[in-house]
Amino acid sequence: MQEDCMYLGMKKLHSWPDPYIFSSRKLFYYLVTHFSDFQLACLGSFFIHESVFFLSGLPYIYLERAGWLSKYKIQTKNNTPAAQEKCITRLLLYHFCVNLPVMICSYPVFRYMGMRSSLPLPSWKVISTQIMFYFIIEDFVFYWGHRILHTKWLYKHVHSVHHEYATPFGLTSEYAHPAEILFLGFATIIGPAITGPHLITLWLWMVLRVLETVEAHCGYHFPWSLSNFLPLYGGADFHDYHHRLLYTKSGNYSSTFIYMDWIFGTDEGYRKLKALKTIGEETVEKET
């Protein structure tokens, strides 16, 4: 019976783009025949998260220390090596003592909601639709959760940990109080918990979410930054403004896309600053 299911799963793979077929077939056949659902969903997810997070975040530390591409750095101030090392040490502690246990404890919930890791793989249409839904619901939940964290008591006792770095760099994206990790982490997992996706969809969502939040905290605005091409995408310039101001006046609470701040007017200060900057640049161009 299991071999029949594997065979049908392999046939299903042929509905995917050609470059993806053979590598996916071998990889998933190996995974589902050598590891349990629990191992893939918990340990596999943790390994992928750590790999993507540190591989995408560490280069920004070296850019800052070496002074490379400094013309694209949003703030002129740099973090000290000691501050960067403190961030990395705390992150490892939080990831192993908070993130990993949460992944393990949430496994029964995801299984109950229908998550699976077996073949066949879902179509790209299903994956893209689910991930779009995850982004929408994550933006909504994160926005309100983030605004709540900026109330006086919660900011002082919880969210101020994340704001220890007024000049953020990629890895500070997950530097937070354990309570905040649990609180805002709910925004990331609620979408998958509702839909019960295939594990590959969950992994892809996790990778995209990690890359987005690392980029938003990287401290650099490049010509190739996604916010230059997607008007509703926040990116580093949008979120860096949030870290520079006092908690009562920061605004820019959105996660990935900025429509929630636009709807509720919490990006007003940022928009005014951008407008003044544009006027200043135009004045300089006319004078020269």
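Trainee: I'd like to hear about the confidence of the model for the protein, residue by residue, with values.
Mentor: Considering every residue of the protein, the mean pLDDT works out to 89; 88% of them sit at 70 or more. Throughout residues 1-16 the model reports pLDDT below 50, and contacts reaching past four residues in sequence, or to other chains, amount to 24 contacts.

Trainee: How would you sum up helix α8 (residues 199-216)? Please name residues and give values.
Mentor: With 18 residues, α8 extends 26 Å from end C-alpha to end C-alpha; this agrees with the ideal 26 Å at 1.5 Å per step. Buried residues dominate α8, accounting for 14 of its 18 residues.

Trainee: With reference to specific residues and values, describe the packing of helix α5 (residues 124-149) against helix α7 (residues 178-195).
Mentor: Pairs of packed helices are described in terms of their axes, by the angle between the two and the distance that separates them. Contact pair α5 / α7: the axes reach a minimum separation of 9 Å and the direction vectors enclose 155°. Our classification of the angle between α5 and α7 gives roughly antiparallel. Pair α5 / α7 crosses with right-handed handedness. Counted together, Q130, F133, Y134, I137, E138, V141, F142, G145, H146 and L149 of α5 and E180, F183, L184, F186, A187, T188, I190, G191, P192, I194 and T195 of α7 form the full contact between these two elements. When the residues that make up the contact of α5 with α7 are grouped by side-chain class, the tally is 13 nonpolar, six polar and two charged.

Trainee: Outline the pattern of salt bridges, listing residues and values.
Mentor: According to the stated counting rule, one finds ten salt bridges in the structure shown. The closest approach of N and O atoms between E164 and K86, which form a salt bridge, is 3.1 Å. Taken together, the residues E164 in the loop between α6 (152-157) and α7 and K86 in helix α4 (residues 81-112) connect sequence positions 78 residues apart. Take E164: its relative accessible area is 42%, and that puts it in the partly exposed class. Residue E268 pairs with K272 through a salt bridge whose shortest N-O separation is 3.2 Å. Of this pair, E268 and K272 both sit in helix α11 (residues 268-287), four residues apart, which is roughly one turn of that helix. Judged by relative accessible area, E268 falls into the partly exposed class, the value being 47%. Ionic contacts of the salt-bridge type, sharing partners, join the residues E138, R209 and E212 into one network.

Trainee: Lay out the packing of aromatic side chains with the relevant residues and their values.
Mentor: Going through the model one piece at a time under the given rule, you end up with 22 aromatic pairs. Pairing F135 with W205 gives two aromatic rings, centres 4.8 Å apart and planes at 85°, and the pair type is edge-to-face. Placement of F135 in helix α5 and of W205 in helix α8 is noted, with a sequence separation of 70 residues between them. You can call F135 buried: its relative accessible area is 13%. Judged by relative accessible area, W205 falls into the buried class, the value being 1%. Pairwise contacts between aromatic rings join F133, Y134, F135, W205, Y233 and F257 into one cluster.

Trainee: Kindly report on the packing of helix α3 (residues 37-66) against α4, identifying the contributing residues and their values.
Mentor: At a closest axis distance of 10 Å, the pairing of α3 and α4 adopts a crossing angle of 160°. It follows that α3 is roughly antiparallel to α4 by the angle criterion. In this structure, α3 meets α4 at a crossing whose hand is right-handed. Looking at the contact of α3 with α4, its residues break down into 18 nonpolar, five polar and six charged.

Trainee: Tell me about the side chain of H159, residues and numbers included.
Mentor: Locating H159 in the fold gives a position in the loop between α6 and α7. At 3.2 Å, the side chain of H159 forms a polar contact with the side chain of H150. Here the side chain of H159 touches E180 through a polar contact of 2.9 Å, side chain to side chain. The residues contacting H159, other than those within four sequence positions of it, are H146, L149, H150, L154, E180 and H242.

Trainee: Quick rundown of unusual backbone geometry? Include the residues and the values.
Mentor: Cis geometry is adopted by the peptide bond preceding P120, which originates at L119 and carries an omega value of 5°. With a phi angle near 55°, L69 is a residue other than glycine that sits in the positive phi range. Relative to the assigned elements, L69 resides in the loop between α3 and α4. Although it is not a glycine, N252 adopts a positive phi angle of roughly 50°. Looking at where N252 falls in the secondary structure, it is placed in the loop between α9 (235-244) and α10 (259-264).

What counts and how
- Residues numbered from 1 in each chain as written.
- Predicted model: local features only at pLDDT ≥ 70, side-chain atom pairs only at ≥ 80, totals over all residues.
- Heavy atoms only, no water.
- pLDDT = per-residue confidence, 0-100.
- Contact = heavy atoms within 4.5 Å.
- Helix = DSSP H or I, 4+ residues; strand = E, 2+ residues; numbered from the N terminus.
- Expected span 1.5 Å × (residues − 1).
- Buried < 20%, exposed > 50% of the residue type's maximum accessible area, 1.4 Å probe, protein only.
- Axes fitted to C-alpha atoms, helices over the stretch in contact; angles between N-to-C directions.
- Parallel < 35°, antiparallel > 145°, perpendicular 65-115°, else oblique.
- Left-handed = near helix turned anticlockwise from the far one by under 90°.
- Nonpolar A, V, L, I, M, F, W, Y, C, P; charged D, E, K, R; others polar.
- Salt bridge = Lys/Arg side-chain N within 4 Å of Asp/Glu carboxyl O.
- Phe/Tyr/Trp six-rings, centres within 6.5 Å; stacked < 30°, edge-to-face > 60°.
- Polar contact = N/O pair within 3.5 Å; in protein donor to acceptor, adjacent residues only side chain to side chain.

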